[in-house]
Amino acid sequence: MKVVNSLKSVKLRHKACRVIRRKGRNYVINKMNPRFKARQG
């Protein structure tokens, strides 16, 4: 999992990426290709 400043750039890497908020942190998850995971905060 990457920790990034901007989730927008990570979200655009793959069309199946979703931005989700859990426990005060923002996550990008991708069910089709889990290597695109990222977190902010």
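The following refers to the structure shown. (Residues numbered from 1 in each chain as written. Predicted model: local features only at pLDDT ≥ 70, side-chain atom pairs only at ≥ 80, totals over all residues. Heavy atoms only, no water.)

With that out of the way, let us pick up the overall build of the protein chain. Of regular secondary structure, the protein chain possesses 1 helix and 4 strands. Across the protein chain, helices and strands are ordered from the amino to the carboxyl terminus as β-α-β-β-β. In terms of its C-alpha atoms, the protein chain occupies a principal-axis envelope of roughly 25 × 15 × 15 Å. Across the 41 residues in the protein chain, those meeting the buried criterion constitute 29%. Within the protein chain, counting contacts between residues at least 6 apart in sequence, those at least 24 apart form 30% of the total. About 3300 Å² of surface is accessible on the protein chain, with carbon and sulfur atoms providing 49% of the total. (Helix = DSSP H or I, 4+ residues; strand = E, 2+ residues; numbered from the N terminus. Buried < 20%, exposed > 50% of the residue type's maximum accessible area, 1.4 Å probe, protein only. Contact = heavy atoms within 4.5 Å. Areas by Shrake-Rupley, 256 points an atom, 1.4 Å probe, with all protein chains shown as cover.)

What follows deals with the pairing of strand β3 (residues 25–29). Of the strand pairs in this sheet, strand β2 (residues 18–22) and β3 are connected by 5 bridges, and their pairing is antiparallel. Within β3, the residue paired with R18 across the bridge is I29. Counted along the chain from β2 to the antiparallel partner β3, the turn is 2 residues long, and its residue K23 has a positive phi close to 50°. Examined bridge by bridge, β3 and strand β4 (residues 38–40) share 3 bridges and lie antiparallel to one another. Bridge pairing in β4 places V28 opposite A38. (Pairing = 2+ DSSP bridges.)

All right, on to the environment of K31 then. With respect to the helices and strands, the residue K31 is situated in the loop between β3 and β4. Exposure remark for K31: the relative accessible area of 77% places this residue in the exposed category. A C-alpha to C-alpha distance of 18 Å links K31 and K8, two positions 23 residues apart in sequence.

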